[in-house]
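Given next are the chains, with one letter for each unit.
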Amino acid sequence: QVLFVESGGGLVQPGGSMRLSCGASTDIISTATMGWYRQAPGNQRERVASITPGGTTNYANSVKGRFTISRDNAKNTVDLQMNNLSPEDTAVYYCNAGIYIPTYDWGQGTQVTVSS
């Protein structure tokens, strides 16, 4: 089993930026396709960004051009840089491993609230 720990969330004004970080209890971050997901109240969880072991990234249309996913193998972390945030980005953000679907249990996530 792998445990994921997400951090970096909080309250930010519309148009602002925030950087999330995800750590894992094993070295899976450097060996698996990693994804950032989010779940807003009343909505299904959706994947917003992913990165393969080779560094290929993919983004949901709703965040393309605003979010950037990256990994730091030395630190065993995968980060999500979020720019030009809007209230529609308000959600709990999670990370997980898996090419198409999440493989492991979810961590606690980190709350991102975009509000003035």
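Keep in mind the model is a prediction, meaning the values are calculated, not measured.

S.K.: Describe the pattern of salt bridges, listing the residues and the values that go with them.
M.R.: Pairs may arise between side chains of opposite charge once their charged atoms sit close together. Under the defined criterion, the tally for this structure stands at 4 salt bridges. For the salt bridge of Asp89 with Arg66, the shortest nitrogen-to-oxygen distance reads 2.8 Å. One end of the pair, Asp89, is in the loop between strand 8 (77-82) and strand 9 (91-97); the other, Arg66, is in the loop between strand 6 (57-59) and strand 7 (67-72), and 23 residues separate them in sequence. Among the charged side chains, a salt-bridge network with shared partners connects Arg38, Glu46, Arg66 and Asp89.

S.K.: Tell me about the packing of aromatic side chains, and please be specific about residues and values.
M.R.: The final tally for this structure, using the stated rule, is 3 aromatic pairs. Ring plane angle 80° and centroid distance 5.0 Å describe the contact between Tyr37 and Trp106, whose orientation is recorded as edge-to-face. You can see Tyr37 sitting in strand 4 (residues 34-39) and its partner Trp106 sitting in the loop between strand 9 and strand 10 (110-114), a full 69 residues away along the chain. Owing to a relative accessible area of 31%, Trp106 belongs among the partly exposed residues under this scheme. An aromatic cluster is present here, built from Tyr37, Tyr94 and Trp106 joined pairwise through their rings. When the ring centre of Tyr94 is taken as reference, the NZ or CZ atom of Arg45 above it lies at 4.2 Å. One Lys or Arg, Arg45, reaches over the ring of Trp106 and ends 4.0 Å from the middle of that ring.

Criteria and cut-off values
Residues numbered from 1 in each chain as written. Predicted model: local features only at pLDDT ≥ 70, side-chain atom pairs only at ≥ 80, totals over all residues. Heavy atoms only, no water. Salt bridge = Lys/Arg side-chain N within 4 Å of Asp/Glu carboxyl O. Helix = DSSP H or I, 4+ residues; strand = E, 2+ residues; numbered from the N terminus. Phe/Tyr/Trp six-rings, centres within 6.5 Å; stacked < 30°, edge-to-face > 60°. Buried < 20%, exposed > 50% of the residue type's maximum accessible area, 1.4 Å probe, protein only. Lys NZ or Arg CZ within 6 Å of the ring centre and 35° of its normal.

Interpretation in functional terms is not warranted from these geometric data alone.
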